[in-house]
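Structural characterization, general
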Amino acid sequence: MIPYLDLKAQYHSIKSEIDAAVSSVLESGQFVLGPEVGAFEEEFAAYCHASFAVGVNTGTSALHLALLAAGVGPGDEVITVPATFVATVAAIGYTGAKAVLVDVDPKTHTMDPSKAGQAITKSTKAIIPVHLYGQPADMDPILEIAKKKNIIVIEDAAQAHGAEYKGRRVGSIGDMGCFSFYPGKNLGAAGEGGAVTTKNSSFAKTIRTLRDWGAEKRYHHDLKGFNYRLEAMQGAVLRVKLRHLEKWTQARRSLAALYDEILRGSKVETPSVAPQIKHVYHIYAIQVDSRERFSEELAAKGIQTNIHYPIPVHLQKAYADLGYKSGDFPVAETLARKTLSLPLYPELAKAQVEEVAEAVRGIAGK
Ligand SMILES: *Cc1c(COP(=O)(O)O)cnc(C)c1O
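Given the structure is predicted, the values throughout are model-derived calculations rather than measurements. (Residues numbered from 1 in each chain as written. Predicted model: local features only at pLDDT ≥ 70, side-chain atom pairs only at ≥ 80, totals over all residues. Heavy atoms only, no water.)

Overview of the pairing of strand β8 (residues 176–180)
With 5 of its 5 residues buried, β8 lies for the most part within the structure. Burial along β8 is two-sided: the face carrying M176, C178 and S180 and the face carrying G177 and F179 are both buried. Pairing of strand β5 (residues 152–156) with β8, which is carried by 3 bridges, proceeds in the parallel orientation. Bridge pairing links E155 to G177 in β8. Pairing of β8 with strand β9 (residues 194–198) involves 5 bridges; the strand directions are antiparallel. Residue G177 lies in a different strand from β9, and its bridge partner there is T197. (Buried < 20%, exposed > 50% of the residue type's maximum accessible area, 1.4 Å probe, protein only. Helix = DSSP H or I, 4+ residues; strand = E, 2+ residues; numbered from the N terminus. Pairing = 2+ DSSP bridges.)

Right under this line is the structure:
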């Protein structure tokens with residue numbers, strides 16, 4: 001059996017380090033925020049080439065607080081894409097603002113900057129490009145349009161820890177970057193976690209205050225805040241894992257290159273990486289016409305696959321109130337119909353990738 005993901009393999013590869021970190025938190029009696037979270041924030045900010053990182057309880061909370069720090073609220077519009085995990089759009093809704101969706105580029109499946117430009121109105125307060133599957137969106141044209149109109153750019157980097165665009169790390173390119181440390185993400189906690197990165201001290205300060213009930217001084221609530229605090233245990237685990245992240249990213253990239261190589265020349269469409277991009281392959285997604293057949297035949301060979309995502313956000317029942325319909329975003333809709341995610345994680349063996357890729361080639365040949 002080749003699983004889609006194997007989180008136990010990663011734990012076992014660094015078990016003694018993780019166990020020591022967890023036990024030191026248990027001994028410390030400090031379970032929420034505290035020195036482990038503070039140290040992780042400094043280390044993660046440095047890793048992202050940002051000045052500040054503020055740890056929060058989830059990636060969704062990171063997006064919510066980044067939007068609030070940007071001043072987004074009822075009556076405002078925020079531009080993002082339908083080809084994303086639902087959290088991106090949900091977080092916009094939490095602020096009372098309206099999500100305005102624009103289609104993605106047919107090759108990279110990240111925000112089409114010209115479409116974003118066309119969607120700007122007087123009410124546009126922020127743009128959230130999503131670094132889908134670990135590939136940074138085309139940031140320069142987005143930043144350029146945003147700068148002209150005084151719009152804040154928030155990167156949804158939940159799938160893209162360590163990815164680079166023209167030599168710049170995600171999380172340091174826009175005004176703020178939002179990360180998730182959900183267990184299956186490239187940097188995953190032993191539970192939930194998230195962070196906002198920024199070079200702007202005032203955004204950092206607002207987010208730091210909002211995550212802990214809007215109080216800089218305990219019981220003195222200057223802002224209407226939230227309980228979005230990161231747990232000490234997660235900070236400690238993330239600090240250990242951050243030390244291994246570059247090595248794991250390298251492993252993902254070389255396994256992805258092996259998939260590319262074996263699938264080249266087949267009928268299967270492999271990920272298309274824009275120039276001057278460092279893709280970190282949170283997900284290795286291929287595009288196929290008869291996806292059900294592929295996933296069923298692979299499953300019959302003991303190979304697990306996944307779909308990210310079967311329904312684009314604008315066609316989800318819960319978001320019918322955004323007022324979109326089928327056909328509005330043809331590229332995102334085609335992606336949702338054809339995308340199939342193959343197993344990829346740092347501990348996966350080369351021989352397993354070869355087995356999966358050969359099986360995919362075999363099915364494509366029929
Ligand atoms: C995972 C994810 C999120 C949400 O992160 P959580 O930690 O699960 O709240 C947001 N956006 C994208 C693109 C994601 O993949």
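Remarks on the packing of helix α4 (residues 59–69) against helix α5 (residues 87–94)
Each pair of packed helices can be summarised by the angle the axes make with each other and by the distance between the axes. In contact at an axis separation of 9 Å, α4 and α5 are set at 40 degrees when each is read in the N-to-C sense. In this view, α4 runs oblique relative to α5, as classed from their interaxial angle. In terms of crossing hand, the pair formed by α4 and α5 is right-handed. On α5, the residues that touch T60, L63, H64 and L67 of α4 are A87, T88, A91, I92 and Y94. (Axes fitted to C-alpha atoms, helices over the stretch in contact; angles between N-to-C directions. Parallel < 35°, antiparallel > 145°, perpendicular 65-115°, else oblique. Left-handed = near helix turned anticlockwise from the far one by under 90°. Contact = heavy atoms within 4.5 Å.)

A closer look at the site of the ligand
As a structural note, the neighbourhood of the ligand is formed by 15 residues, with G59, T60, D156, S180 and K185 the closest of them. In this structure, a nitrogen atom belonging to the ligand sits 2.8 Å away from a side-chain N or O atom of D156. K185 places a polar side-chain atom, nitrogen or oxygen, 3.1 Å from an oxygen atom of the ligand. Out of a free accessible area of 380 Å², the ligand has 93% covered by protein chains. Put simply, the parts of the chain that give the shell around the ligand at least two residues each are α4 and α5. (Near = heavy atom within 4 Å. Polar contact = N/O pair within 3.5 Å; in protein donor to acceptor, adjacent residues only side chain to side chain. Areas by Shrake-Rupley, 256 points an atom, 1.4 Å probe, with all protein chains shown as cover.)

Remarks on unusual backbone geometry
A negative phi angle characterises most non-glycine residues, just as the trans form characterises most peptide bonds. Across the junction of H308 and Y309, the peptide omega takes the value 5 degrees, indicating a cis bond. Note that Y309 resides in the loop between α11 (291–300) and α12 (330–338). For K166, which is not a glycine, the phi torsion comes out positive at approximately 45 degrees. By secondary structure assignment, the location of K166 is in the loop between β6 (164–165) and β7 (168–169). Despite not being glycine, W213 has its phi angle at roughly 65 degrees, a positive value.

Looking at the nonpolar core
Counting residues in hydrophobic clusters, the biggest one holds 97 residues, and the most contacted among them are F44, L67, I79, I154, M176 and F181. By size, the runner-up hydrophobic cluster in this structure holds 27 residues, among which are Y284, I286, L298 and I363. (Core = buried A, V, L, I, M, F, W, Y, C linked by side-chain atoms within 4.5 Å.)

Considerations on helix α9 (residues 232–242)
A large share of α9 lies buried, amounting to 9 of its 11 residues. Where α9 is concerned, the buried positions are A232, Q234, G235, A236, V237, L238, V240, K241 and L242. In this structure, the buried side of α9 is in contact with α1 (7–13), α2 (15–28), α3 (34–47) and α10 (245–263).

Focus: the domain arrangement of the chain
Looking at the assigned domains, one finds that the chain contains domain 1 (7–242) and domain 2 (245–364). Domain 1 and domain 2 are separated by 24 Å when their C-alpha centres are compared. On inspection of domain 1 and its partner domain 2, the count reaches 1 salt bridge. Across the salt bridge formed by R169 and E246, the nearest N and O atoms sit 3.7 Å from each other. Where domain 1 meets domain 2, there are 20 residue pairs in polar contact (both at pLDDT 80 or more). A total of 3 residues in the side of domain 1 that touches domain 2 trace back to one element, the largest contributor, which is strand β3 (residues 98–101). Counted by class, the side of domain 1 that touches domain 2 contains 23 nonpolar, 11 polar and 8 charged residues. (Domains from an automatic or database assignment. Salt bridge = Lys/Arg side-chain N within 4 Å of Asp/Glu carboxyl O. Nonpolar A, V, L, I, M, F, W, Y, C, P; charged D, E, K, R; others polar.)

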